[in-house]
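If you want the building blocks of each chain, they are given just below.
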Amino acid sequence: MRDMGSRFGLFLLAVSILWAPVLSDLVISKVDRRIDLTSQIARITSTLKVENEGSDLVTEVLLAFPDVQAEHLAHVAATSSVGKGGKGKAKGSSTSYAVQPVDPKGMPASLTFYSVTLPKGLGKGESVTFDVLAVLTHTLKPFPEKITQADIQLLVFQDTAHYLSPYPVKAQTLSVKLPDARIESYTRVDNTKNVGSEIKYGPYENLPPFSYSPIVVHFESNQPFAVAEELVREIEISHWGNVQVTEHYKFVHGGAQSKGEFSRLDYQARPHVRGQYAIRRLVAKLPPRAHSVYYRDEIGNISTSNLWSDSKKTELEIEPRYPVIGGWKTAFTIGYGLPLHDFLFQSDGKRLIDITFGCPMNEVVINTLIVKVVLPEGSGDISVSAPFPLKESKETKFSHLDIAGRPVVVLEKTNAVPEHNQKFQVYYKFNSLAMLMEPLMLISGFFFLFVAGIVCMHVDLSISKSSASYLAKLQWDEVQATIQQIQHIINRGLVIHDKLEASLRDLSRTGDIQACKAARKAADGSLKELSKEIKPLLAFLQSSQQAAHILPKVEELVTKERDLEERLMAKHSTIVDCYEKKYGGKEIENRVASQLQKITALRKEVDDLLEFIDEI
C-alpha cells in the first residue's frame, strides 16, 4: 500500500523525538482528543488538563506538531471554559488564550511548537483546563488518487494515537469521527474499537513526553473538496450609504482526480451513484439585508441560483454551469450590496469599518485569500486590526470622478479556512466635506458646459469678410446666381418654342393662317427680349475668374438654344407657306422632314447641357 513509506517516516520521527529533552515542571493529567474528518478540513480538538508539579510559576504551555502536519496547519486556537483548579467561570462561557509560534531550545528539529499564554500564572499544585483547536487542510489524501465517475472516493489520514507533547501525560483518549461507517482499514493498537463511524483509541495512561504511536485511517468519503485556488474580495466603501462587495472565485475540486470519460447522462440519471463526490452546489451565507445580489462568470449571468433572506440572514445557493468533479476547475463572481450604517462606526475620532474577513461559504479551503478594502477618496491615517496575522499592503484605485484616487488596503492570507471568517477592522480619518467634492465637480462641469454654449451662441464664428476665402465664396455665390438666371431664361425660351409648336397644331386643325402668323410674331418679339436679357449675364461670367471652369458649357448652351430657335422659326415659316399655297399634308411632311431631325437632336443637347449645369 502507498502509505507504507509514510508509516516508515513516522516511525523514524518517533525514534528521533524520543531522545528529546523533557520539560519537567508541567504534567498533563488528562487529554481528550477528538478528530473530526467529516469534511475535507481536519479539525483536531484536544481538551487538556495541565498541572504544575514544580515550584516555579508557569505562564505558558507548549503545543507540539510534527513538521509534516504543521505545514498544513491553517488555524490553531486555545480557549477555556473552566476556571483554574476547576473553579471559576460559569458554564458556557469561554476565554481565548493567546497562541504564538515559538522555537524553544533543545527541542527536536522535526517538530513545530506553539505557545499558549495563560491569562494568569499557574502556581505550584494548581491546574488549568482548556481546549486546543487545530485546523488542518490538505491532509486528507485521496487513495487511490484517480477514480472513474462510478467509483467512490477513499481518503487516507495519518496521525498518532498518543498525544504528542513535551510533557508527561497521565491519561488520554482519542476518537476519530468519520463521515460514514464504511471504513476500508485503520491501524489497530491497544484499546482500539470501532463504533459505527467512529474509531476510539485508549484510554492510555502514564505516557512519557513525546510519546508517539502512528495510526493510519483509510475510509470512504464522498464529500466534495471545494478548494478556492484564489479568492479576491473587494469591499468598496461609499459614504453615500452603500458597501459594495465583489468576490472573484477560482475554484478547483481538490479530491480524487477524475479518469476516463464523464457522462452527463449518467450523472443526471443517477447523480448519487455516478459522480456522487462532485461539487453540485455551494451556499454562501451573506450578511442580513444584503441586496442587489448577482452571480455570473466570464460568459455572463448564471441563472442557476436561489436567494433566501430574512431579518437574520441572507443565503445564496449557487450551482455551477457544470458539475465539478476531481481536478476540474471553474471560475465565477458573486456581488452584493450592504447598508453602510451596519458596518461603519466611530472610534476615538476615527471611522472604522467592521466586517468579516473570510469566505461566506462553509467548508471551503482557500489557498490564497486577498481582501481589498477600497476607502473613499481623501481617506487618511489608515490602520488595520485583525484577530490573526495578515500580509498587508496598500494601493490606489481610480473610479468615476476621482482625482487622486481611492486608497485601497490589501490584506492577504494563505491557507484560509472557515475559522478565519472573523470580523476585522479598518480605521481611517475622513473629512465629511470631501463628500461634496464630486457633486461640486458635476455642478461645475454642467455650469461651464452651459456657459460655453451661451458663448458659442453669441460669438460670430463666421470667416472674416476681408479674407480671400470669404471673397472667393462671395464671387462663387454671384456666379451661381447668374447661372441660375441664365437657366431660367433658357427655360422661358423653351416654353416659347412649345407655344410655336402648339400654333402649328392649331393651324393643321383649324386652317387659320392669320392666327398662326400672329403667334409667330409674338414669339419672335419675346425671344428677342430674352436675347437682350442674356447678354449682360454672359458678359459677367466671361469677366469672372470663378466661372472659368463652367463658362464653356454655358456658352455652348446659349449657342445651341439660338440654333434651336432659328430652326424652329424656319420650320414654322415653311409650314405656313405650304398652307398658303394649299399643299397637301404629304407634301408638307416631305418639306420639313430634314428640319425635324435637326430640331430633335438640338432639343436633346439643350436638355443635357441644362442637366449638367444644374448638377454643378
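Sequence order as written defines residue numbering, which begins from 1 separately in each chain. Where local features are concerned, this predicted model is filtered to residues with pLDDT of at least 70; where side-chain atom pairs are given and counted, the filter is 80 or more; whole-chain, interface and lining totals use all residues. Excluded from the side-chain calculations are hydrogens and water; all other atoms, namely the structure's heavy atoms, are used.

The name that an unreviewed UniProt entry assigns to the protein is Dolichyl-diphosphooligosaccharide--protein glycosyltransferase subunit 1, with the source organism given as Rosa chinensis. UniProt positions are given in the numbering used here, feature names are shortened, and annotations may be inferred rather than shown by experiment. Under the UniProt heading Subcellular location (unreviewed entry), the note attached to the protein is "Endoplasmic reticulum membrane". Check the Pathway (unreviewed entry) section of the UniProt entry for the protein; it says "Protein modification; protein glycosylation."

Moving on to the overall build of the protein. For the purposes of this entry, the term helix denotes a DSSP run of H or I that reaches at least four residues, the term strand denotes a run of E that reaches at least two, and both are numbered from the N terminus. Secondary structure assignment for the protein yields eight helices and 30 strands. The C-alpha atoms of the protein give 50 Å as radius of gyration, which overshoots the globular expectation for 616 residues (25 Å, by more than 25%). Counting only C-alpha atoms and orienting by the principal axes, one finds that the protein spans roughly 160 × 60 × 45 Å. For each residue, the accessible area found with a 1.4 Å probe, counting protein chains only, is set against the maximum for its type, and the residue is called buried under 20%, exposed over 50%, and partly exposed in between. Relative to its 616 residues, the protein shows a buried fraction of 43%. We call two residues in contact whenever any of their non-hydrogen atoms come within 4.5 Å of each other. Within the protein, counting contacts between residues at least 6 apart in sequence, those at least 24 apart form 76% of the total. Carbon and sulfur atoms provide 53% of the accessible area of the protein, an area that totals close to 32400 Å². His is not counted, nor are the chain ends; Lys and Arg add positive charge and Asp and Glu add negative charge. Charge positions are represented by NZ for Lys, CZ for Arg, CG for Asp and CD for Glu. Charged side chains in the protein number 71 positive and 73 negative. The centres of these two groups are separated by 3 Å. The globule rule is 2.2 Å times the number of residues to the power 0.38, and the radius of gyration it is compared with is taken over C-alpha atoms. Only the protein chains shown count as covering a residue, and every accessible area follows the Shrake-Rupley method with a 1.4 Å probe.

It is the contact of helix H6 (residues 513–543) with helix H7 (residues 551–580), at a shortest axis distance of 12 Å, that shows an interaxial angle of 165°. One way to sum up the angle between H6 and H7 is to call them roughly antiparallel. The crossing of H6 and H7 is left-handed. Residue-level contacts link Ile 513, Cys 516, Lys 517, Arg 520, Ala 523, Asp 524, Leu 527, Ser 531, Ile 534, Leu 538, Leu 541 and Gln 542 of H6 to Leu 551, Val 554, Glu 555, Val 558, Arg 562, Glu 565, Met 569, His 572, Ser 573, Val 576, Tyr 579 and Glu 580 of H7. Note that Gly is not counted as nonpolar here; it falls among the polar residues with everything else outside the nonpolar set of Ala, Val, Leu, Ile, Met, Phe, Trp, Tyr, Cys and Pro and the charged set of Asp, Glu, Lys and Arg. Grouping the constituent residues of the contact of H6 with H7 by class yields 13 nonpolar, four polar and seven charged. The angle between two axes is taken between their N-to-C directions and runs from 0 to 180 degrees, where each axis is a line fitted to C-alpha atoms and a helix contributes only its stretch in contact. Working definition: roughly parallel below 35 degrees, roughly antiparallel above 145 degrees, roughly perpendicular at 65 to 115 degrees, and oblique for all remaining angles. Left-handed describes a crossing in which the near helix is turned anticlockwise from the far one by less than a right angle; the clockwise case is right-handed.

With that settled, the discussion passes to the confidence of the model for the protein. Residues with a pLDDT of 70 or more make up 92% of the protein, whose mean pLDDT is 86. Mean pLDDT values over the elements of the protein span from 44, in helix H1 (residues 4–17), up to 96, in strand E26 (residues 365–374). Each residue carries a pLDDT value, the predictor's own confidence for that position, ranging from 0 to 100. Every residue in residues 1–22 scores below 50 in pLDDT, and together they form 33 contacts with partners more than four places removed in sequence or on other chains. Low confidence marks residues 83–91, where pLDDT is under 50. Its contacts with residues over four positions away, or in another chain, come to eleven contacts.

A side-chain nitrogen of Lys or Arg and a carboxyl oxygen of Asp or Glu constitute a salt bridge if their distance falls within 4 Å. If you walk through the whole model with that rule in mind, you get 34 salt bridges. The residue Glu 363 makes a salt bridge to Arg 43 at a minimum N-O spacing of 3.1 Å. Remark: Arg 43 occurs in strand E2 (residues 42–52) and Glu 363 occurs in the loop between strand E25 (350–356) and E26; sequence separation between them is 320 residues. Asp 506 is the salt-bridge partner of Arg 509, the closest N and O atoms lying 3.0 Å from each other.

Here H7 is 30 residues long and its end C-alpha atoms lie 44 Å apart, about the 44 Å a rise of 1.5 Å per residue gives. Just downstream of H7 lies Lys 582, where phi reads positive at about 60°. Working rule for helices: expected span equals 1.5 Å times residues minus one.

Moving on, we get to the packing of aromatic side chains. A ring pair, where both rings are aromatic, is described by two values, the distance of the centres and the angle of the planes. Only the six-membered ring of Trp is used, alongside the rings of Phe and Tyr, when aromatic pairs are assigned; centres must lie within 6.5 Å, and planes under 30 degrees apart are stacked while those over 60 apart are edge-to-face, with the rest tilted. All chains considered together, the criterion is met by twelve aromatic pairs. Seen from their ring centres, Tyr 249 and Phe 251 are 5.7 Å apart, and the 20° between their planes marks the pair as stacked. Each member of the pair Tyr 249 and Phe 251 is classed as buried. Taken together, a centroid distance of 5.6 Å and an interplanar angle of 10° make the contact between Phe 251 and Phe 332 stacked. Pair noted here: Phe 251 is in strand E17 (residues 242–253) and Phe 332 is in strand E23 (residues 329–339), with a separation of 81 residues, a long-range link. Look at Phe 251 and you get buried, because its relative accessible area is 2%. Taken together through their ring pairs, the aromatic side chains of Tyr 249, Phe 251, Tyr 295 and Phe 332 make up a single cluster. Positioned above the aromatic ring of Tyr 186, the side-chain terminus of Arg 188 is 4.2 Å from the ring centre. For a lysine, the NZ atom is tested; for an arginine, the CZ atom; a charge sits over a ring if that atom is within 6 Å of the ring centre and within 35 degrees of the ring normal. Directly above the aromatic system of Phe 612 lies the positively charged group of Lys 553, at a separation of 5.1 Å from the ring centroid.

Should DSSP find at least two bridges between two strands, the strands are taken to pair. Where strand E3 (residues 58–66) meets strand E6 (residues 111–122), eight bridges bridge the pair, whose relative direction is antiparallel. Opposite Leu 62, over in E6, you have Ser 115 as the bridge partner. Judged from the five bridges that link them, strand E5 (residues 95–102) and E6 form a sheet pairing that is antiparallel. The residue of E6 that forms the bridge with Val 99 is Val 116.

Now for the side chain of Ser 175. Note that Ser 175 resides in strand E11 (residues 169–177). In this structure the side chain of Ser 175 is engaged in a polar contact, spanning 3.4 Å, whose partner is the side chain of Glu 198. Ser 175 has contacts with Arg 33, Arg 34, Ile 35, Glu 198, Ile 199 and Lys 200, leaving out every residue within four places of it along the chain. By the criterion applied in these results, polar contacts are pairs of N or O atoms within 3.5 Å in which, for protein atoms, one can donate a hydrogen and the other can accept it, and in which residues neighboring in sequence qualify only through two side-chain atoms.

A few words now on the nonpolar core. In plain words, nonpolar cores are sets of buried Ala, Val, Leu, Ile, Met, Phe, Trp, Tyr and Cys residues tied together by side-chain atoms within 4.5 Å. Judged by nonpolar contacts, the single largest core of 56 residues is most densely connected at Leu 37, Leu 63, Phe 130 and Tyr 201. Counting 46 residues, the second-largest nonpolar core is a separate cluster that includes Ile 334, Leu 375, Phe 388 and Phe 430.

Attention now goes to the sheet that holds strand E22 (residues 314–318). Pairing between the strands of a sheet is mediated by backbone hydrogen bonds and can be parallel or antiparallel. Spatial strand order, E19-E22-E21: three strands in an open sheet with antiparallel pairing. Only two strands of the sheet have a single partner each, and these edge strands are strand E19 (282–286) and strand E21 (305–309). With direction set aside, neighbouring strand axes in the sheet form an average angle of 15°. Pairing analysis gives five bridges linking E19 to E22, with the strands arranged antiparallel. Its bridge partner lying in E22, Val 283 is registered against Glu 317.

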